[in-house]
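Tertiary structure, described
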Amino acid sequence: MTDCIFCKIAGGEFNTPFIVETEDYVAFRDINPKADTHVLVVPKKHYDSLNELDDEIILGKLLGGVKRVAAELGLKSYKTVINTGKDAGQEVFHLHIHVLSGNIKGV
Ligand code: DGP
């Protein structure tokens, strides 16, 4: 999607540093961190939310991405969150998994 900020980030348009990158997803730091460490794991393919995801393989890969972020950053304890829909607090309508660790304020 041309007007999607996470599509642009995942496509490398802003030279965002990636903690992990594979052919399927990228992981980068949240611009408005709600914990000492706050990373987003984002598929390269656009899905508005979990509700639109039609590929369970990619879901497994994204969770694998969470583990890889934790290993890369040495996180022993962390929370993962997927907000689905406006009423649940989703602001960016490109599926993403939050990874939060240390002084978590909530997302
Ligand atoms: P959610 O509420 O689940 O849709 O979370 C969206 C998150 O995305 C929110 O914590 C802030 C973050 N975010 C929004 N725009 C940008 C951006 O341009 N860059 C980065 N790194 N994070 C962003």
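That block above? That's the structure.
In short, a report on the structure. Small disclaimer: the values here were computed from a predicted structure and weren't measured.

1. Concerning the pairing of strand β3 (residues 37–43)
Counting buried positions along β3 gives seven out of seven residues, so the element sits mostly inside the fold. Where burial is concerned, the two faces of β3 agree: the one with Thr37, Val39, Val41 and Pro43 and the one with His38, Leu40 and Val42 are both buried. In the sheet, strand β2 (residues 25–29) pairs with β3 via five bridges, with the strands oriented antiparallel. From the neighbouring strand, Phe28 faces β3, where its bridge partner is Leu40.

2. Some details on the site of the ligand
Looking at the ligand, there are 16 residues lining it, with Asp30, Gly89, Glu91, His96 and His98 nearest. Residue Asn83 places a side-chain N or O atom 2.9 Å away from an oxygen atom belonging to the ligand. Within the side chain of His98, an N or O atom sits 2.7 Å from an oxygen atom of the ligand. Contact with the protein chains covers 85% of the free accessible surface of the ligand, which is 510 Å². Looking at the shell around the ligand, the elements with two or more residues in it are α1 (5–10) and β2. Among the elements that make up the shell around the ligand, the one with the highest residue count is α1 (three residues). Residues that form the shell around the ligand fall into these classes: seven nonpolar, five polar and four charged.

3. Some remarks on unusual backbone geometry
Phi angles above zero are rare outside glycine, and Asn15 is one such case at about 55 degrees. Mapped onto the elements, Asn15 comes out in the loop between α1 and β1 (20–21). Using a relative accessible area of 69% as the deciding quantity, one classes Asn15 as exposed. Even without a glycine there, the phi angle at Asn103 is positive, about 50 degrees. As for its position among the elements, Asn103 is in the segment after β5 (97–101). Here Asn103 falls in the exposed class, since its relative accessible area comes to 56%.

4. Some points on the environment of Ile19
By secondary structure assignment, the location of Ile19 is in the loop between α1 and β1. Measuring from C-alpha to C-alpha, the distance between Ile19 and Gly60 comes to 18 Å, with 41 residues separating the pair along the chain. Apart from residues no more than four positions distant in its own chain, Ile19 is found in contact with Ala27, Phe28, Arg29, Val39, Glu72 and Leu73.

Conventions used here
Residues numbered from 1 in each chain as written. Predicted model: local features only at pLDDT ≥ 70, side-chain atom pairs only at ≥ 80, totals over all residues. Heavy atoms only, no water. Buried < 20%, exposed > 50% of the residue type's maximum accessible area, 1.4 Å probe, protein only. Helix = DSSP H or I, 4+ residues; strand = E, 2+ residues; numbered from the N terminus. Pairing = 2+ DSSP bridges. Near = heavy atom within 4 Å. Polar contact = N/O pair within 3.5 Å; in protein donor to acceptor, adjacent residues only side chain to side chain. Areas by Shrake-Rupley, 256 points an atom, 1.4 Å probe, with all protein chains shown as cover. Nonpolar A, V, L, I, M, F, W, Y, C, P; charged D, E, K, R; others polar. Contact = heavy atoms within 4.5 Å.

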